[in-house]
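Here is what each chain is made of, one letter per residue.
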Amino acid sequence: RQVMDEFTTLSPRHDQIDNDNADGDDNLTTGRDDVYEQFVPGQGNNAYIFPGVALGLQVAGARRVTDRMLLESALSLARQVTPERLEQGCVYPPLADIRAISARIAADVAAECYRAGFADGADAPAREARVARAEALQYWPSYDANQSRL
């Protein structure tokens, strides 16, 4: 099939993003009247892995990243994908839940930091405590409405 066929058979709607989806995800549709395919955008490294690893290092007080920590972050992310999301063809959890997902990834990375001996302290806190610590360390952008503009 030629690439040009895709451009010449588009309906007047063209490609669009459905921002009114009930589950809060953005969905890309083909815009063709004869074909409906749903594509759910996802990010792995930049949206989930790197923030989760960095936060996990902070939770544990670690200063070194190992291959095993990166693997633990990927495994943690994979465990958070529901069967329903997999049925939709999604390999990532919803981006709308990114803060909670990142905190859980951080907790799992911190556990690996403790296991490997790179954390401050000998014993890893319980997982719930690591998640709570990660949530407390997350940046929350908030701005004073009365703050002068530059």
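Here the structure is a predicted model, which is why all the values come from computation and not from measurement.

## Here's the deal with the nonpolar core
Counting 23 residues, the largest nonpolar core has Ala60 and Cys113 as the members making the most contacts within it. Those elements giving two or more residues to this core turn out to be helix H2 (45-60), helix H3 (67-79), helix H5 (98-116) and helix H6 (127-137). For this core, the element with the highest residue contribution is H5, accounting for nine residues. When neighbours within four sequence positions are excluded, Ala60 is seen to be in contact with Ala110, Cys113, Tyr114, Ala119 and Asp120.

## Structural notes on the pattern of salt bridges
Enumeration according to the criterion identifies four salt bridges in this entry. Here Glu72 and Arg68 are joined by a salt bridge, their closest N and O atoms 2.7 Å apart. Residue Glu72 and its partner Arg68 are located together in helix H3, separated by four residues, close to a single helical turn. Residue classification places Arg68 among the partly exposed residues on the basis of a relative accessible area of 40%. Where salt bridges share partners, they join Arg79, Asp108 and Arg127 into one cluster.

## Overview of the side chain of Asp108
Positionally, Asp108 belongs in helix H5. Judged by relative accessible area, Asp108 falls into the buried class, the value being 9%. Of note is the side chain of Asp108, whose polar atom sits 3.0 Å from the side chain of Arg127. What Asp108 contacts, discounting residues up to four positions off in sequence, is Glu72, Ser76, Arg79, Arg127 and Arg130.

## As for the packing of H3 against H5
Running from N to C, H3 and H5 point in directions that differ by 145 degrees, and their axes come no closer than 9 Å. Helix-helix and strand crossings are classified by hand; for H3 and H5 the assignment is right-handed. Facing Arg68, Met69, Glu72, Ser73, Ser76, Leu77 and Arg79 of H3, the residues of H5 in contact are Ile101, Arg104, Ile105, Asp108, Val109, Glu112, Cys113 and Arg115. Classifying every residue of the contact of H3 with H5 by side-chain character gives six nonpolar, two polar and seven charged.

## Topic: H3
The terminal C-alpha atoms of H3, which comprises 13 residues, lie 18 Å apart, in line with the 18 Å expected from a rise of 1.5 Å per residue. Taken residue by residue, H3 has Met69, Glu72, Ser73, Ser76 and Leu77 as its buried positions. Buried residues of H3 fall within an arc of 135 degrees about the axis and therefore sit on the same side. Among the exposed residues of H3, those pointing more than 90 degrees away from its buried face are Asp67 and Arg79.

Calculation notes
- Residues numbered from 1 in each chain as written.
- Predicted model: local features only at pLDDT ≥ 70, side-chain atom pairs only at ≥ 80, totals over all residues.
- Heavy atoms only, no water.
- Core = buried A, V, L, I, M, F, W, Y, C linked by side-chain atoms within 4.5 Å.
- Buried < 20%, exposed > 50% of the residue type's maximum accessible area, 1.4 Å probe, protein only.
- Helix = DSSP H or I, 4+ residues; strand = E, 2+ residues; numbered from the N terminus.
- Contact = heavy atoms within 4.5 Å.
- Salt bridge = Lys/Arg side-chain N within 4 Å of Asp/Glu carboxyl O.
- Polar contact = N/O pair within 3.5 Å; in protein donor to acceptor, adjacent residues only side chain to side chain.
- Axes fitted to C-alpha atoms, helices over the stretch in contact; angles between N-to-C directions.
- Left-handed = near helix turned anticlockwise from the far one by under 90°.
- Nonpolar A, V, L, I, M, F, W, Y, C, P; charged D, E, K, R; others polar.
- Expected span 1.5 Å × (residues − 1).
- Arc of directions from axis to C-beta.

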